[in-house]
Amino acid sequence: MALAPYACSDSLSRGRVYAEPSPQYRDAFMRDRDRIVHCGAFRRLEYKTQVFINHEGDMYRTRLTHSLEVAQIGRTVCRILALNEDLIEAITLAHDLGHTPFGHAGQDALNACMQDYGGFEHNLQSLRVVDTLEERYADFPGLNLTFETREGILKHCNLEKAAALGELGERFLTGRQASLEGQVANLVDAIAYNNHDVDDGLRAGLLTPTQLSEVELFADAWEEVRHRYPDLAERRAIHEVTRRIINRQVVDLVEQTRRNLIAAMPSSPDEVRALNQPLVAFSAEMQAQHHSLKQFLRTNLYRHYRVHRMTSKAKRVLHELFDLFFEDPQLMPNQYQERCRDQEARNGRAGKARVVADYIAGMTDRYAFSEYHKLFTPPAMP
Ligand code: MG
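A short tour of the structure in this document, coming up. As the structure is a computational prediction, the values presented were derived from the model and not from experiment.

Considerations on the environment of asparagine 260
Summarising the element assignment, asparagine 260 is placed in helix α13 (residues 234-264). C-alpha separation for the pair asparagine 260 and leucine 97, spaced 163 residues apart in sequence, amounts to 31 Å.

Some thoughts on the side chain of glutamate 134
Note on placement: glutamate 134 falls in the loop between α6 (122-133) and α7 (147-153). Buried and unpaired, glutamate 134 has arginine 136 as its nearest opposite-charge partner, separated by 4.1 Å. A distance of 2.9 Å separates a polar atom in the side chain of glutamate 134 from the backbone nitrogen of alanine 41.

Comments concerning helix α16 (residues 305-327)
For α16, spanning 23 residues, the distance from its first C-alpha to its last is 33 Å, which sits close to the expected 33 Å at 1.5 Å a residue. Within α16, the full set of buried residues consists of Val307, Met310, Thr311, Ala314, Val317, Leu318, Leu321, Phe322, Phe325 and Phe326. Looking at the packing, one finds that the buried side of α16 touches α5 (103-113), α15 (284-302), α17 (334-361) and α18 (365-376).

A short note on the coordination of the magnesium ion
Angles between donor atoms at a metal ideally measure 109.5 degrees for a four-coordinate tetrahedral arrangement and either 90 or 180 degrees for a six-coordinate octahedral one. Taken together, His66 (NE2), His95 (NE2), Asp96 (OD) and Asp189 (OD) make up the full set of protein donors to the magnesium ion, lying 2.1 to 2.7 Å away. Each donor residue of the magnesium ion belongs to the same chain, and together they define the spacing H-x28-H-D-x92-D. With histidine 66 in helix α3 (residues 63-80) and histidine 95 in the loop between α4 (85-94) and α5, the pair connects residues that are 29 residues apart, well separated along the chain. Accessibility expressed as a relative area gives 8% for histidine 95, which makes it buried.

Details of the packing of α16 against α18
Here α16 crosses α18 at 60 degrees, and the two axes come no closer than 10 Å. What the angle tells us is that α16 and α18 run oblique. The crossing of α16 and α18 is left-handed. Side by side, α16 and α18 meet where Lys313, Val317, Leu318, Glu320, Leu321, Leu324 and Phe325 of the first sit next to Ala368, Phe369, Glu371, Tyr372, Leu375 and Phe376 of the second. Within the contact of α16 with α18, the residues separate by chemical class into 10 nonpolar, no polar and 3 charged.

Thoughts on unusual backbone geometry
Positive phi, close to 55 degrees, is recorded for alanine 82, a residue that is not glycine. With respect to the helices, strands and loops of the structure, alanine 82 is situated in the loop between α3 and α4. A relative accessible area of 15% places alanine 82 in the buried class. Even without glycine at this site, methionine 265 takes up a positive phi of about 45 degrees. As for its placement among the helices and strands, methionine 265 is situated in the loop between α13 and α14 (269-273). Under the relative-accessibility criterion, methionine 265 is labelled exposed at 63%.

Side note on a nonpolar patch on the surface
A grouping of Leu331, Leu375 and Phe376 is seen on the molecular surface, where their side chains present a nonpolar patch of about 210 Å² in accessible area. Position of phenylalanine 376 relative to the elements: it lies in helix α18. Since its relative accessible area comes to 32%, phenylalanine 376 is described here as partly exposed.

What counts and what doesn't
- Residues numbered from 1 in each chain as written.
- Predicted model: local features only at pLDDT ≥ 70, side-chain atom pairs only at ≥ 80, totals over all residues.
- Heavy atoms only, no water.
- Helix = DSSP H or I, 4+ residues; strand = E, 2+ residues; numbered from the N terminus.
- Buried < 20%, exposed > 50% of the residue type's maximum accessible area, 1.4 Å probe, protein only.
- Lys, Arg positive; Asp, Glu negative; His and termini not counted.
- Salt bridge = Lys/Arg side-chain N within 4 Å of Asp/Glu carboxyl O.
- Polar contact = N/O pair within 3.5 Å; in protein donor to acceptor, adjacent residues only side chain to side chain.
- Expected span 1.5 Å × (residues − 1).
- Contact = heavy atoms within 4.5 Å.
- Donors = N, O, S within 2.8 Å, 3.2 Å for Na, K, Ca; no water.
- Axes fitted to C-alpha atoms, helices over the stretch in contact; angles between N-to-C directions.
- Parallel < 35°, antiparallel > 145°, perpendicular 65-115°, else oblique.
- Left-handed = near helix turned anticlockwise from the far one by under 90°.
- Nonpolar A, V, L, I, M, F, W, Y, C, P; charged D, E, K, R; others polar.
- Patch = residues over 30% accessible without salt bridge, like charges linked within 9 Å, V, L, I, M, F, W, Y side chains within 5 Å.
- Areas by Shrake-Rupley, 256 points an atom, 1.4 Å probe, with all protein chains shown as cover.

Right, here's the structure in full:
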């Protein structure tokens, strides 16, 4: 299908940091997506989590299944709007590569450990993974992705960090926008995680349908399903509800974005970037409903005492690992020790801390627990 004039395209790409010949039979964004799928950080997403810790059960979402859900919803939206599907796939599959083990709790813990050394932010870390940490290619560090994929990965960024990122950070300093594909990635991420957190929360018994009925989006769909299928088993009814909510949100997003596109009439991706508002958006009504679902999850799921018990343990593990490696970098594998010496020589303690943060952020949930166990737990006495 032909791309709209405001879609990103291979021929208009701003290119890669290290110039490379074009691939045969693929375009630049297909190559980006393939590089992402083949990288080590992508495989580790399988054992990283969002809300529930990986060993809690095999049915919960992991960062990998989350990324696949985001990519799939993103492709649907881009196909309807004649945007670039290969680009959104690359952005969405890479968007969580920088996540720490143990989901939100891990991010908070590592950020606290790094507070005197520039902080830790998973979104910037995703960019760091694709720009420098993946060491696979002979001719360049990282995956050498296109500007457009990197632009989409970097959803938000504080001004100080943005200033250090050159062309990529510019839009945060000037109040401009990402491409439409980048904007879609941002919202379909939220559609995916709100709905799968509802599903996982119900499955875990931390939420109940009655409780969720205080959220309008859920209540409307629940009533419709219960009315139409009064005898349906609860598990199936829940799935019928979440698929309806996802569909309603996607349809609303597409229709509102279409209206915004007609009003703004951008004729190129650069005209989209130059606007002072994003064009990809929910209607005001859906935005409010989406927000109330998010608030509900924050209060009732993310702060649930059983979730808190998991996250409290996860935070202690990451804090203790950080302090130990920072005091004694010789406990890390050789390549991290080398980088640590190098970075400490260049940037002092902040350089050393960054390498420790990179090592910890790259761990999966189970690897972090296993490192902790090896380094802190004495063997059982006979
Ligand atoms: Mg995400």
